[in-house]
Amino acid sequence: MTGPRRLPTGGAWVDRDRPLALRFDGREIPAFEGDTVASALLGAGIVGGFRSPILGRPRGIVAAGVEEPNAYVEVRAPWFSPILAATTLPVEPGMEVVPRPGVGRLPTEDVPARPSVHTHRHAEAVVIGAGPAGRAAAREAAARGERVILIDEGHRIDDPPADVRCLPRTTATGIYDDGYVVAYERAPAVDRVWHLRARRVVLASGAHERTVAFAGNDRPGVMLAGAARTYLERYGVLCGERAVVFSTNAWGHLAAAALAAAGARVVLLEPAPVDAAGVDLRGVERRAGWLVVGTEGDPALRAVRVRDPEGGEEALEADLLAVSGGFSPVIQLARAIGAGVRYDEARACFVPDGTGPEWLEVVGAAAGEVPPTAPLFRIREGDDADKYVEPQRDQTVADVASAVRRGLRSVEHVKRATYIGTTIDQGRTSGVLTVEIVNELLGLPHGSQAPTNPRPPYTPVPYSALAGLDRGPTLLDPVRTTPMHPAHVARGAVFEDVGQWKRPRFYPKDGEDMDAAVARECLAVRTAAGVLDASTLGKIEVVGPDAADFLDRMYANRMSTLPVGRARYGVMLGLDGMIVDDGVAVRLAEDRFLVTTTTSGAATVLDRFEEWLQTEWPHLRVWCTSVTEQWAVAAVSGPRAREVVAALELSVDLDPDAFPHMAVREATLAGVPARILRVSFTGERSYELHVPARYGLGLWEAVLEAGEPLGLEPYGTEAMHVLRAEKGYIIVGQDTDGTVTAEDVGLGWLVRTDGSDFVGRRSLARPELRRPDRRQLVGLLPEDPEALLPEGAQLVEGPVEPPAHALGWVTSSYRSPTLGRTFALALVEAGRSRIGTALVAPLAGGPVAARVVEPVLYDPEGSRLR
Amino acid sequence: MPGARPEPEHLWRSAEPKPSYEVVVVGGGGHGLATAYYLARNHGIRDVCVVERGWLAGGNVARNTTIIRSNYLWEASEAIYEHALRLWEGLEDELDWDLQFSQRGVMNLAHTLGDVREGRRRVEANRLAGIDAEWLEPEEVRAFCPILNVSPDVRYPVLGATLQRRAGVARHDRVAWAYATRASELGVDIVEHLEVTGFLRDARGRVVGVETDAGPIRAGAVALAAAGHTSVLAERVGLRLPLQSHPLQALVSNLYEPVLGCVVMSNAVHVYVSQADKGELVMGAGIDAYNGYGQRGSFHVIEHQMAAALELFPIFRHAQLLRTWAGIVDVCPDASPIIGLTPIEGLYLNCGWGTGGFKATPASGWVYADTIANGRPHPLAEPFSLERFTTGALVDEHGAAAVAH
């Protein structure tokens with residue numbers, strides 16, 4: 001079965017041996033392989049079928065490509081899309097669509113998206129548009145031996161050039177700096193986003209035909225002349241048997257000729273003289289000086305109201321009104337990357353003015369090679385409110401006139417007042433029409449203002465295509481795990497995200513909640529020993545003759561005096577003098593340091609090092625290398641930590657006098673090279689065991705095996721937080737927030753005051769940073785030892801009514817099994833002078849009072865570190 | 001499209017510049033127009049000219065994602081953004097204009113324990129400041145925004161959210177046009193397509209006007225309100241500002257039937273999104289790290305944004321990207337604005353709003369006008385002086401911005 005408008009022969013793009021059935025709005029529509037949804041509908045004689053989004057007016061297919069304003073469908077099978085132009089959608093087996101009036105519906109049910117991949121390619125030339133000009137450019141480039149990629153949005157590339165990578169069904173959605181082209185391919189089974197980097201980009205994107213704003217121009221049966229010709233030549237569909245062609249130019253006349261040759265009765269209205277030399281208009285009734293002034297139908301077109309040069313009107317019976325008001329070069333992509341336009345008076349359109357990136361060339365119709373036309377944008381006769389400029393927003397000449405009458409002069413303002421050009425087709429048929437009608441209404445010459453700035457993408461791209469494979473729990477952002485991760489999983493650890501890392505938060509045993517597990521882990525460390533997977537700590541090796549000098553500049557305290565084999569805690573300040581990171585620097589050799597950073601600060605600190613080295617101190621002979629992932633670290637901590645470590649095959653004298661706190665040894669551990677750091681974040685005697693990453697899991701298992709008989713337990717970040725807070729050790733980013741100085745958190749003693757320079761030093765002299773009433777780190781003990789202050793709770797002196805000034809806030813708050821009560825750390829204005837006084841957290845559930853205390857609540861003498 | 005309130009018959013008057021004015025405002029965006037309006041409305045200063053080098057309100061006010069909220073962290077910011085929100089709440093009546101102001105609630109999602117801590121702190125701080133704020137647990141997050149994926153099986157699960165119910169969106173063009181029109185009615189001259197190329201100085205070095213393409217305009221006070229280009233202008237008068245300008249992208253989708261009734265923001269996975277009344281999803285993307293004045297961002301930022309959006313909103317997988325664009329955000333080292341006087345007499349400064357400019361528009365105009373009218377900082381502007389970079393009294397709002405600066 002074929003549709004009533006399908007000619008018995010013809011149609012270069014359809015394969016008549018391969019019939020398909022399309023379901024449109026519940027009806028079965030015959031189609032062929034190679035049809036678009038639009039060509040199938042037109043072939044079936046469906047003249048309307050669509051509605052306008054706001055007024056609900058009946059609408060039909062207007063165009064044969066991406067410039068279509070009316071014919072949008074939801075695709076329900078064989079895959080889903082909420083809204084696509086019927087004119088660019090190839091019919092596939094089993095395809096089912098329903099019309100959509102410009103507004104789509106996102107399914108709440110679980111409808112899978114089309115799979116999507118991203119592909120990157122380099123080429124000497126990317127040619128956009130596979131018409132004659134594009135194919136010629138591609139052929140030429142290929143003949144020079146260049147790698148050429150030829151892109152076209154149509155589902156077929158005719159006469160494909162040899163030795164050229166052809167991408168049909170692919171739309172160049174944007175051209176970006178330095179020859180970077182992004183293109184979206186809608187292949188039958190998969191979406192593909194191409195990232196193309198080209199030495200040269202050739203834009204051969206052709207031209208779009210314009211309509212004319214006359215009364216009744218949105219009636220089904222009114223379409224672009226070129227579209228009528230395309231449906232005839234590519235799909236063998238004759239859109240009307242009694243056609244009126246209203247054409248201002250030779251290409252419009254070509255459509256008249258083609259329709260007549262296919263057997264239609266054609267009346268050609270020519271409002272102004274057209275040089276149609278070479279167009280075979282035999283059988284066409286040509287009427288010079290005639291205009292279209294209206295249409296009739298119910299709702300499909302039955303007659304065209306026309307006006308002769310003397311002003312006499314008549315109605316011509318017609319089932320097709322094919323309009324060609326001239327052609328506009330398709331240069332949105334070029335404009336978006338900075339190419340300028342000029343008005344071409346003879347062609348009544350905007351053409352590239354030759355400016356823009358030198359690697360971009362615009363050729364063919366896109367460059368302005370379109371036929372001359374009289375500047376006809378609207379017909380004066382008839383009701384302006386019936387002359388549609390932007391059918392997809394139901395906007396008419398009257399709406400444009402109203403915006404101008406209200407005082408808007410810029411076409412950008414008219415766009416925003418009327419929403420013309422904000423449509424799915426981004427104003428492809430309305431753009432030039434609107435700007436010239438605005439110019440006319442303002443009494444300005446044509447071309448005085450150019451159409452609004454185009455913005456990528458050229459045609460809509462599904463979010464799923466853009467996301468590509470970067471989705472889901474593993475691919476949205478890489479997941480980083482330590483070499484010990486399998487052991488944590490096996491032990492049933494609960495993890496937290498710290499940056500990209502998964503860190504064990506706690507290791508619940510049967511029936512334990514978090515509080516119980518954390519209390520057990522804390523007590524193990526305080527009474528026996530614990531082991532923490534500290535592999536995620538950032539590790540940077542800083543190497544070179546000037547390494548010590550460099551670290552002195554980056555840290556507020558001095559690192560150059562550190563002896564080989566010793567470690568020193570350091571803080572790093574921002575230019576504003578505030579703490580940005582902390583960590584331990586270890587001197588491995590005169591010219592070699594290992595610097596540790598916070599887990600989430602590792603990349604930032606390395607970036608910082610490099611930025612200063614590369615931009616400010618390029619003369620320093622220093623090289624920085626991230627070794628975070630090269631070393632696995634188990635931190636063994638607790639009064640029995642030495643016994644645990646001693647049970648490992650370690651080539652180091654563990655006597656505290658020989659290997660004291662803050663010392664470092666390079667050693668072997670069970671024959672494996674290791675670094676042992678005597679640094680502590682718990683307040684207990686600690687050994688950080690660093691081994692090459694591939695031995696990390698073995699190290700972990702060895703520590704557990706040696707330690708568990710001694711009462712050792714693995715502990716997670718939560719217990720680590722409690723333990724360090726009991727000692728008043730800060731966590732950068734939790735107890736600091738970018739507004740906190742070293743002095744504020746009690747680390748002022750380590751900031752150099754000898755006049756030597758370091759990053760942030762100058763800011764420390766600013767008056768605001770020397771105020772005695774700055775917020776300072778203090779401890780808080782709630783009056784009720786069971787009351788846990790929420791982190792973030794604000795602190796005031798007594799009952800207040802909002803808005804009230806906050807003296808500070810709680811930065812860390814925990815239950816301490818060691819102290820047998822809750823406690824908190826807080827930043828409080830003039831906090832150190834408030835020690836011994838009470839503050840109140842005004843919580844929604846009522847105020848909670850707490851006593852201000854020193855921030856170090858456990859072993860303030862540090863006697864347990866030995 | 002018609003709203004509940006009839007559209008005014010006439011919009012602003014396009015003026016030709018006079019030789020001199022009491023105040024020349026450089027920049028016809030939201031802040032410049034609001035400033036002109038409040039100069040006339042609050043201070044009776046009607047001899048004002050707004051000079052705009054392009055078409056009116058075509059810069060950041062036309063390029064933002066229209067989010068309005070006041071849940072900032074520090075008291076200085078809370079005060080000025082809350083002043084803005086209160087003005088927003090009366091602005092449709094004040095300007096007699098349908099601004100499509102919709103207090104649909106803004107939710108800021110937390111995805112890590114650090115986010116949770118930060119979010120709860122903000123809620124507590126906002127409540128003490130008298131600003132409405134709530135903390136939502138994941139189930140409450142889902143109840144407030146049913147299409148949000150709060151499953152634990154995603155890369156960064158939703159651990160909770162802050163919610164400001166009074167926050168929302170407004171139609172940006174209408175805001176600018178309403179200010180322009182009402183200012184114009186009060187006698188303010190609005191001159192489009194005129195670029196300020198330099199400044200007139202007197203013998204004492206005071207700024208006494210501007211040079212333009214069309215010749216000099218003398219002024220008792222010159223008020224910069226040029227957002228991303230402020231540092232370029234200030235350099236012409238020898239003033240170096242602690243500003244960096246970056247491209248910041250935004251995008252809209254095709255039109256869809258309503259699915260999202262609130263505003264959702266997520267710093268950690270770089271999403272902020274609302275659905276406009278017309279039906280398009282309006283989303284903000286991340287900032288481009290490099291400095292630049294081109295209103296064009298990098299495409300990979302958009303792709304990253306889409307991937308993150310799909311993770312949070314599986315329903316968006318079928319949505320289609322319609323348009324992308326970029327504005328230029330001018331960012332101070334502490335991610336807070338500069339409003340006030342300058343070391344150069346006669347020259348006033350309002351810049352550095354970063355990603356927070358649109359929501360601040362009414363308050364920015366209000367306090368800037370007051371500052372210019374009285375020659376001293378409005379109390380709400382005092383913390384945002386240029387001197388703070390010398391004294392060190394910074395207002396660090398890096399955490400409060402929609403995206404990391």
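None of the values given here were measured: they were computed from a predicted structure.

Parameters at a glance
Residues numbered from 1 in each chain as written. Chains lettered and ligands numbered in written order. Predicted model: local features only at pLDDT ≥ 70, side-chain atom pairs only at ≥ 80, totals over all residues. Heavy atoms only, no water. Helix = DSSP H or I, 4+ residues; strand = E, 2+ residues; numbered from the N terminus. Buried < 20%, exposed > 50% of the residue type's maximum accessible area, 1.4 Å probe, protein only. Contact = heavy atoms within 4.5 Å. Domains from an automatic or database assignment. Buried area = accessible area lost by both parts, 1.4 Å probe. Pairing = 2+ DSSP bridges. Expected span 1.5 Å × (residues − 1). Axes fitted to C-alpha atoms, helices over the stretch in contact; angles between N-to-C directions. Parallel < 35°, antiparallel > 145°, perpendicular 65-115°, else oblique. Left-handed = near helix turned anticlockwise from the far one by under 90°. Nonpolar A, V, L, I, M, F, W, Y, C, P; charged D, E, K, R; others polar. Core = buried A, V, L, I, M, F, W, Y, C linked by side-chain atoms within 4.5 Å. Phe/Tyr/Trp six-rings, centres within 6.5 Å; stacked < 30°, edge-to-face > 60°. Lys NZ or Arg CZ within 6 Å of the ring centre and 35° of its normal. Salt bridge = Lys/Arg side-chain N within 4 Å of Asp/Glu carboxyl O. Polar contact = N/O pair within 3.5 Å; in protein donor to acceptor, adjacent residues only side chain to side chain.

## Here we look at the environment of Val543(A)
Residues and elements named next belong to chain A.
Step number 1: By the element assignment, Val-543 lies in strand 33 (residues 538-543).
Step number 2: Take Val-543: its relative accessible area is 18%, and that puts it in the buried class.
Step number 3: With 343 residues separating them in the primary sequence, Val-543 and Arg-200 have C-alpha atoms 43 Å apart.
Step number 4: When near neighbours in sequence (up to four residues on either side) are disregarded, Val-543 contacts Asp-591, Arg-592, Arg-621, Val-622 and Trp-623.

## Topic: the domain arrangement of chain B
Residues and elements named next belong to chain B.
Step number 1: Domain annotation of chain B identifies domain 1 (10-64 + 172-242 + 333-391) and domain 2 (103-167 + 244-331).
Step number 2: Taking the mean C-alpha position of each, domain 1 and domain 2 sit 30 Å from one another.
Step number 3: Residue-level contacts link 17 residues of domain 1 with 13 residues of domain 2.
Step number 4: Overall, the association of domain 1 and domain 2 removes approximately 1,100 Å² of surface from exposure, summing both partners, and the carbon and sulfur fraction of that is 50%.
Step number 5: When the buried area of domain 1 at its contact with domain 2 is split by residue, Arg-63, Gly-228 and Gly-354 rank highest and sum to 41% of it.

## Re the pairing of strand 35 (residues 579-589) of chain A
A regular strand carries its side chains on alternate faces of the sheet.
Residue and element names in this part refer to chain A.
Step number 1: Summarising burial for strand 35: 9 of the 11 residues are buried, a large majority.
Step number 2: The hairpin formed by strand 34 (residues 567-573) and strand 35 contains 5 residues between the paired strands, and Gly-577 there has a positive phi angle of roughly 85°.
Step number 3: Hairpin connection of strand 35 to strand 36 (residues 592-597): 2 residues between the antiparallel strands.

## Focus: helix 3 (residues 113-128) of chain B
Residue and element names in this part refer to chain B.
Step number 1: Look at helix 3: 23 Å from first C-alpha to last across 16 residues, which is about the 22 Å you get at 1.5 Å a residue.
Step number 2: Taken together, the buried positions of helix 3 are Leu-113, Val-116, Arg-117, Gly-119, Arg-121, Arg-122, Val-123, Glu-124, Ala-125, Asn-126 and Leu-128.
Step number 3: Following helix 3 by one or two positions, Gly-130 has its phi on the positive side, about 80°.

## Examining the packing of helix 6 (residues 397-405) of chain A against helix 7 (residues 411-418) of chain A
Residue and element names in this part refer to chain A.
Step number 1: Between helix 6 and helix 7, the least distance of the axes is 10 Å, while the angle of their chain directions is 120°. In terms of orientation, helix 6 and helix 7 fall into the oblique class. Here the hand of the crossing between helix 6 and helix 7 comes out right-handed. Every residue of helix 7 that contacts helix 6 at Asp-399, Val-400, Ala-403 and Val-404 is listed here: Val-414, Ala-417 and Thr-418.
Step number 2: Each residue belonging to the contact of helix 6 with helix 7 can be placed in one class, and the counts come to 5 nonpolar, 1 polar and 1 charged.

## As for helix 5 (residues 172-185) of chain B
Residues and elements named next belong to chain B.
Step number 1: Along its 14 residues, helix 5 runs 20 Å from first to last C-alpha, staying within 8% of the 20 Å computed at 1.5 Å per residue.
Step number 2: Along helix 5, 13 of the 14 residues are buried, which leaves the element largely enclosed by surrounding structure.
Step number 3: Following helix 5 by one or two positions, Gly-187 adopts a phi angle in the positive range, close to 110°.

## Some details on the nonpolar core
Step number 1: One finds Trp88(B), Trp177(B) and Tyr179(B) to be the most contacted residues of the largest nonpolar core, which totals 115 residues.
Step number 2: At 9 residues, the largest contribution of residues to this core is made by helix 2 (residues 75-95) of chain B.
Step number 3: The contact partners of Trp177(B), leaving out residues within four places of it in the chain, are Leu408(A), His413(A), Arg416(A), Ala417(A), Leu11(B), Trp12(B), Ala57(B) and Trp97(B).
Step number 4: In this structure, Ala38(A), Ile46(A), Trp79(A) and Ala255(A) belong to the second largest nonpolar core, which totals 58 residues.

## Description of the environment of Val306(A)
Residues and elements named next belong to chain A.
Step number 1: Mapped onto the secondary structure, Val-306 falls in strand 20 (residues 301-307).
Step number 2: A relative accessible area of 0% means that Val-306 is categorised as buried.
Step number 3: Filtering out sequence-adjacent residues up to four positions away, Val-306 remains in contact with Leu-269, Arg-287, Trp-290, Leu-291, Val-292, Val-293, Gly-312, Glu-313, Glu-314 and Leu-316.

## What about the packing of aromatic side chains?
Step number 1: Throughout the structure, instances matching the rule amount to 26 aromatic pairs over all chains.
Step number 2: With centroids separated by 6.1 Å and ring planes inclined at 70°, the aromatic side chains of Phe214(A) and Phe246(A) adopt a geometry described as edge-to-face. Taken as a pair, Phe214(A) in the loop between strand 14 (207-209) and strand 15 (222-224) and Phe246(A) in strand 16 (residues 242-247) lie far apart in primary sequence, 32 residues in all.
Step number 3: Look at Phe246(A) and you get buried, because its relative accessible area is 1%.
Step number 4: Here the aromatic residues Phe550(A), Phe609(A), Trp612(A) and Trp617(A) are joined through ring pairs into a cluster of three or more.
Step number 5: One cation-aromatic arrangement involves Arg553(A) over Trp617(A); the distance from NZ or CZ to the ring centre is 4.9 Å.
Step number 6: Across the ring face of Tyr419(A), the terminal group of Lys278(B) is positioned such that the distance to the ring centre comes to 3.9 Å.

## Brief notes about the environment of Pro782(A)
Residues and elements named next belong to chain A.
Step number 1: Its place among the elements puts Pro-782 in strand 43 (residues 775-782).
Step number 2: Looking at Pro-782, the relative accessible area reads 3%, which means it is buried.
Step number 3: As for Pro-782 and Gly-808, which are separated by 26 residues in sequence, their C-alpha atoms are 15 Å apart.
Step number 4: With near-sequence residues (within four places) excluded, Pro-782 lies in contact with Ala-787, Leu-789, Arg-821, Thr-822, Phe-823, Ala-849 and Ala-850.

## Notes on the domain arrangement of chain A
Residue and element names in this part refer to chain A.
Step number 1: In terms of domain boundaries, chain A breaks down into domain 1 (15-99), domain 2 (115-208 + 327-373 + 456-475), domain 3 (211-325), domain 4 (376-445), domain 5 (477-715) and domain 6 (768-864).
Step number 2: Measuring from the centre of the C-alpha atoms in domain 3 to the corresponding centre in domain 4 gives 23 Å.
Step number 3: The interface of domain 3 with domain 4 comprises 17 residues on the first partner and 15 residues on the second.
Step number 4: Summing both sides of the interface, domain 3 and domain 4 together bury roughly 1,100 Å²; the carbon and sulfur share of this comes to 64%.
Step number 5: If you look at where domain 3 meets domain 4, you find 1 salt bridge.

## Focus on the pattern of salt bridges
It is possible for side chains bearing opposite charge to pair when their charged atoms get close.
Residues and elements named next belong to chain A.
Step number 1: The final tally for this structure, using the stated rule, is 94 salt bridges over all chains.
Step number 2: Here Glu-643 and Arg-640 are joined by a salt bridge, their closest N and O atoms 3.1 Å apart.
Step number 3: Arg-640 sits in the partly exposed class, given a relative accessible area of 29%.
Step number 4: In this structure, Glu-684 and Arg-864 form a salt bridge, with 2.9 Å as the shortest nitrogen-oxygen distance.

## Quick notes on the interface of chain B and chain A
Step number 1: Between chain B and chain A, the contact holds 72 residues from the first and 97 residues from the second.
Step number 2: Three residues, Leu128(B), Arg155(B) and His318(B), lead the burial of chain B against chain A; their summed loss comes to 11% of the area buried on that side.
Step number 3: For the pair chain B and chain A, the number of links is 8 salt bridges.
Step number 4: Salt-bridge contacts for Arg121(B) lead to Asp737(A); the nearest nitrogen and oxygen are separated by 2.9 Å.
Step number 5: Inspection of the region where chain B meets chain A yields 34 residue pairs in polar contact (both at pLDDT 80 or more).
Step number 6: Breaking the side of chain B that touches chain A down by element, the ones donating at least two residues are helix 3, helix 5, strand 12 (244-255), strand 15 (280-287), helix 7 (299-312), strand 16 (320-331) and helix 9 (388-391) of chain B.
Step number 7: With 8 residues, the top contributor of residues to the side of chain B that touches chain A is helix 3 of chain B.
Step number 8: Residues that form the side of chain B that touches chain A fall into these classes: 36 nonpolar, 13 polar and 23 charged.
Step number 9: Examined bridge by bridge, strand 29 (residues 461-462) of chain A and strand 16 of chain B share 2 bridges and lie antiparallel to one another.

## Observations concerning the sheet that holds strand 32 (residues 529-533) of chain A
All names here are of chain A.
Step number 1: Within the open sheet, the 6 strands sit side by side as 39-40-41-38-32-42. Their pairing is mixed. The sheet is open, and its two edges are formed by strand 39 (664-669) and strand 42 (712-714), each paired on a single side. Between one strand axis and the next, the sheet turns by 25° as a mean value, whatever way the strands run.
Step number 2: By the bridge criterion, 4 bridges tie strand 32 to strand 38 (residues 631-637) in an arrangement that is antiparallel. Residue Gly-530 lies in a different strand from strand 38, and its bridge partner there is Ser-637.

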